[in-house]
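These are the residues of each chain, in order.
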Amino acid sequence: AMNNGDISLHYQPMISLETGRTAGFEALMRWNHPEIGPISPAQFIPVIEDSGYIVEASQWALKTSLIALKHIEAQTGHDDYFMSVNFSSHDFASDDFVDSVYDALSVTDVKPQNLHLEITERLLMGQPDQAKDTLEMCRKAGMGISIDDFGTGYSSLSYLHYFPIDTLKIDQSFIRDMMSDDNVMALVKSMLQLSQNIGMKTIAEGVETLEDARQLKAMN
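Here the structure is a predicted model, which is why all the values come from computation and not from measurement. (Residues numbered from 1 in each chain as written. Predicted model: local features only at pLDDT ≥ 70, side-chain atom pairs only at ≥ 80, totals over all residues. Heavy atoms only, no water.)

*Asks:* Report on the environment of Asp-171, specifying residues and quantitative values.
*Replies:* With respect to the helices and strands, Asp-171 occurs in the loop between strand S7 (167-170) and helix H8 (172-177). Between the alpha carbons of Asp-171 and Gly-206 there is a distance of 7.7 Å; along the sequence they are 35 residues apart. (Helix = DSSP H or I, 4+ residues; strand = E, 2+ residues; numbered from the N terminus.)

Put into structure tokens, the structure is as follows:
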């Protein structure tokens, strides 16, 4: 927990539809206020950004989640899980971002290939040249690069070529509606086909039912 213990990290498992086993985890900040109750990240993350503490919070989340990954590996005997951590444009603007990531990997003894950096389309469009240089350094070190909430922002196909991205994450709004809306299903199929054609991995967010999972597995 951070500060007074209200903010904590939760680890959302990611399941491989090919093998049926856990492939990795996403580290998610959660705030359970002692008086108000749960507060959405959509509300408190912008406050952390505006207050100037987002870089400190991200570094805390990175090191804490990598420590958790080592614990999970020790408990399960598997060393091939990955941990996916979200970063903002504020993090990328920091001169020592790459050094801080390397430091966290070194301190926790996590292999670079077991860390996935999650970024948003907004970050890429906001400072493309700096983001490209930073991501290329991380990619050459073996880390995975995921583009979060694909399809909800600019969705420019050009950045899939320009940036060293290896994984697309389809936003949960598409997965939630695909079984009841043929147009949404067509969009999901198009995104999956695009990802497969250019050799990227795909993660579907918000899979809640066996029907969802079976449909996605049928679409590879």
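Read on, since the account is not over.
*Asks:* Go over the packing of aromatic side chains, please, and point to the residues and values.
*Replies:* Within the structure shown, the criterion is met by 5 aromatic pairs. Ring plane angle 85° and centroid distance 5.8 Å describe the contact between Trp-31 and Phe-44, whose orientation is recorded as edge-to-face. Of this pair, Trp-31 sits in strand S2 (residues 22-33) while Phe-44 sits in helix H1 (residues 41-51), and the two are 13 residues apart along the sequence. Three or more aromatic residues joined by ring pairs form one cluster here, namely Phe-87, Phe-92 and Phe-97. Across from the ring centre of Tyr-162, 4.1 Å away, lies the NZ or CZ of Lys-132, which sits over that ring. (Phe/Tyr/Trp six-rings, centres within 6.5 Å; stacked < 30°, edge-to-face > 60°. Lys NZ or Arg CZ within 6 Å of the ring centre and 35° of its normal.)

*Asks:* Could you give me a rundown of the pairing of S7, with the residues and numbers involved?
*Replies:* Neither face of S7 is open: one carries Thr-167 and Lys-169, the other Leu-168 and Ile-170, and all of them are buried. The pairing of strand S6 (residues 144-150) with S7 spans 3 bridges and is classified as parallel. When the sheet's bridge partners are listed, Phe-150 is paired in S7 with Ile-170. In the sheet, S7 pairs with strand S8 (residues 201-204) via 4 bridges, with the strands oriented parallel. Bridge pairing in S8 places Leu-168 opposite Thr-202. (Buried < 20%, exposed > 50% of the residue type's maximum accessible area, 1.4 Å probe, protein only. Pairing = 2+ DSSP bridges.)

*Asks:* How would you summarise the environment of Ala-93 if you had to cite specific residues and measurements?
*Replies:* Tracing the backbone through its elements, the reader meets Ala-93 in helix H3 (residues 89-93). Judged by its relative accessible area of 43%, Ala-93 is partly exposed. For the pair Ala-93 and Glu-49, spaced 44 residues apart in sequence, the C-alpha separation works out to 12 Å. Excluding its chain neighbours within four sequence positions, the residues that come into contact with Ala-93 are Gln-127 and Gln-130. (Contact = heavy atoms within 4.5 Å.)

*Asks:* Can you explain the pattern of salt bridges? Please cite residues and give values.
*Replies:* Evaluated as defined, the whole model comprises 11 salt bridges. For Asp-103, the salt bridge identified is with Lys-63, shortest N-O distance 3.2 Å. Placement of Asp-103 in helix H4 (residues 97-108) and of Lys-63 in helix H2 (residues 54-76) is noted, with a sequence separation of 40 residues between them. The exposure class assigned to Asp-103 is partly exposed, which follows from its relative accessible area of 36%. Through salt bridges with shared partners, a single network forms among Glu-26, Glu-118, Asp-148, Lys-169 and Glu-205. (Salt bridge = Lys/Arg side-chain N within 4 Å of Asp/Glu carboxyl O.)

*Asks:* Give a description of the packing of H2 against H4 that names residues and reports values.
*Replies:* At their nearest, the axes of H2 and H4 sit 10 Å apart, and the two run at 30° to each other. Judged by the angle between their axes, H2 and H4 are roughly parallel. Handedness of the H2/H4 crossing: right-handed. Across the interface between the two elements, Gln-59, Leu-62, Lys-63, Leu-66, Ile-67 and Lys-70 from H2 touch Ser-100, Val-101, Asp-103, Ala-104, Leu-105 and Thr-108 from H4. Here the residues of the contact of H2 with H4 are counted per class, giving 6 nonpolar, 3 polar and 3 charged. (Axes fitted to C-alpha atoms, helices over the stretch in contact; angles between N-to-C directions. Parallel < 35°, antiparallel > 145°, perpendicular 65-115°, else oblique. Left-handed = near helix turned anticlockwise from the far one by under 90°. Nonpolar A, V, L, I, M, F, W, Y, C, P; charged D, E, K, R; others polar.)

*Asks:* Let's hear about the environment of Ala-141: which residues, and what values?
*Replies:* Take Ala-141: it is sitting in the loop between helix H6 (128-140) and S6. Taking the relative accessible area as the measure of exposure, Ala-141 reaches 29% and is therefore partly exposed. With 57 residues separating them along the chain, Ala-141 and Ile-198 place their C-alpha atoms 21 Å apart. Among residues more than four places away in sequence, those in contact with Ala-141 are Tyr-102 and Pro-112.

*Asks:* Tell me about the packing of H4 against H6, residues and numbers included.
*Replies:* As a packed pair, H4 and H6 sit with axes 10 Å apart at the nearest point and diverge in direction by 20°. Taken together, the axis directions place H4 and H6 in an arrangement best described as roughly parallel. Like other packed secondary-structure pairs, H4 and H6 cross with a definite hand, here right-handed. Residues Phe-97, Val-98 and Tyr-102 of H4 form the contact with H6, whose participating residues are Thr-134, Met-137 and Cys-138.

*Asks:* Explain the nonpolar core to me, and be specific about the residues and the numbers.
*Replies:* In this structure, Leu-115, Leu-124 and Ile-165 are the most contacted members of the largest nonpolar core, which totals 46 residues. Look past the residues within four positions of Leu-115 in its chain and what remains in contact with it is Leu-62, Leu-66, Met-83, Val-85, Val-101, Leu-105, Met-143 and Gly-144. In terms of nonpolar packing, the next biggest core, distinct from the first, is built from 10 residues, Phe-44, Ile-48, Ala-57 and Trp-60 among them. (Core = buried A, V, L, I, M, F, W, Y, C linked by side-chain atoms within 4.5 Å.)

By themselves, these are just geometric observations and shouldn't be taken as functional.
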